[in-house]
Amino acid sequence: MTETICKRILLKLSGEALMSAEGESIDAATVKRLAGEVNELCALGIEVGLVIGGGNILRGAEKAAEGLDRVTSDQMGMLATVINALAMQDALEHMGQQVRVMTALKINQVCEDYIRRKAVRHLEKGRVVIFAAGTGNPFFTTDTAASLRAIEINAQLMIKATKVKGVYSADPEKDKNAKFYSRLTYDEALDQRLNVMDTTALVLCRDNDLPMRVMNVFEPGAIMRLMKGEDIGSLIEKG
């Protein structure tokens, strides 16, 4: 078996990562490609937990800004993440990979309730576990949910998948002089307000000494190369 840098990871995907270039909410080809990369990780013996945002369907905070009750809008956003989780589950199962969707909300007809010990057991058996519905609470992002679940399952690394190379001092698509950070601490990310994740998520990772890689999810094979030891993206660690 090929040696990898860690045994268990938590991969955080944005909902937008599932969209087509034309703006379709869930692009089957994109989901299949991402599922293929996860499937390859599992073939190497890596245990994979997955959190997918819901921004391709609905963002609770944006709807709240439009006048919808914030608790209601966040609950709608949680359901959007369940839709994305089911799409990813289907793609992975078509590849022969065993998958469990576990949700912080009770939706027993389509997925399991999140129970930490069961989640860890699924991972130990080689199943991909997709954590849906955030933390189950309003006012918390899926970034925070990803950090929380990564810590709960004792992941050795969290991967934050984005559309750029890693962490920059500013949006590199808008500022050509934006500085790229290959290494930084959580305190630096917080102090400089680099918008890697929301503050709660970063503090959780820092306080529990969980390293994070921020990298481009649209670069085929990049996650696999990272797992085999290649220095890809930006590494954020406790100082």
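How each quantity is defined
Along every chain, residues carry numbers that run from 1 in the direction the sequence is written. Local features in this predicted model are restricted to residues whose pLDDT is 70 or higher, and side-chain atom pairs enter the listing and the counts only when it is 80 or higher, whereas totals over whole chains, interfaces and linings include all residues. Working from all heavy atoms in the structure, the side-chain values ignore hydrogens and water. Note on geometry: axes are lines fitted to C-alpha atoms, helical ones only across the stretch in contact, with angles between N-to-C directions running from 0 to 180 degrees. A run of DSSP states H or I qualifies as a helix once it reaches four residues; a run of E qualifies as a strand once it reaches two. Both are numbered from the N-terminal end. Roughly parallel covers angles under 35 degrees, roughly antiparallel covers those over 145, roughly perpendicular covers 65 to 115, and oblique covers all other angles. Note on convention: the crossing is left-handed when the near helix lies turned anticlockwise from the far helix by less than a right angle, right-handed when the turn is clockwise. Throughout, a residue-residue contact means that at least one pair of heavy atoms, one from each residue, lies within 4.5 Å. In this classification, Asp, Glu, Lys and Arg are treated as charged, Ala, Val, Leu, Ile, Met, Phe, Trp, Tyr, Cys and Pro as nonpolar, and every other residue, Gly included, as polar. Between buried and exposed lies partly exposed: a residue is buried under 20% and exposed over 50% of the maximum accessible area for its type, with that area taken using a 1.4 Å probe on protein chains only. One requirement defines pairing of two strands: DSSP has to find at least two bridges between them. Orient the strands so they point away from the viewer; a crossover is then right-handed if the path from the first strand over the helix to the second runs clockwise.

(A) The arrangement of the packing of helix H1 (residues 28-43) against helix H3 (residues 70-94) in detail. Contact pair H1 / H3: the axes reach a minimum separation of 9 Å and the direction vectors enclose 60°. With respect to H3, the axis of H1 lies oblique. The way H1 lies across H3 gives a crossing that is right-handed. Along the contact surface, H1 presents Val31, Leu34, Ala35, Val38 and Asn39, while H3 presents Ala87, Met88, Ala91 and Leu92. Partitioned by chemical class, the residues of the contact of H1 with H3 number eight nonpolar, one polar and no charged.

(B) Inspection of the packing of helix H5 (residues 142-152) against helix H7 (residues 199-207) at higher detail. Across the interface, H5 lies against H7 with an axial gap of 7 Å and an inter-helix angle of 15°. When the axes of H5 and H7 are compared, the pair comes out roughly parallel. Where H5 crosses over H7, the two elements pack in a sense that is left-handed. Of H7, the residues touching H5 (which contributes Asp143, Thr144, Ser147, Leu148 and Ile151) are Thr200, Ala201, Leu204 and Cys205. Taken together, the residues of the contact of H5 with H7 break down into five nonpolar, three polar and one charged.

(C) Representation of the pairing of strand S2 (residues 47-52). Counted residue by residue, S2 has six buried out of six residues, so it is predominantly covered. Judged by which residues are buried, S2 turns out to be covered on both faces: Glu47, Gly49 and Val51 on one side and Val48, Leu50 and Ile52 on the other are all buried. Judged from the six bridges that link them, strand S1 (residues 8-13) and S2 form a sheet pairing that is parallel. For Lys12, the partnering residue across the bridge sits in S2 and is Val51. Where the polypeptide runs from S1 across H1 and back to S2, its parallel neighbour, the crossover connection is right-handed. Sheet topology places S2 next to strand S5 (residues 128-132); three bridges connect them, and they run parallel. Residue pairing for S5: Val51 is matched across the bridge by Phe131.

(D) Structural context of the sheet that holds strand S6 (residues 157-162). Strand order in the open sheet formed by nine strands is S4-S3-S5-S2-S1-S6-S10-S11-S9, and the pairing between neighbours is mixed. Among the strands making up the open sheet, the edge pair consists of strand S4 (112-113) and strand S9 (183-185). Summarising the sheet, strand S3 (residues 99-103) and S4 pair through two bridges and their orientation is parallel. Within S4, the position partnered with Met102 by the bridge is Glu112. In the packing of H5 onto the sheet, the strands contacted are S1, S2, S5 and S6, and the crossing angle to S1 comes to about 175°.

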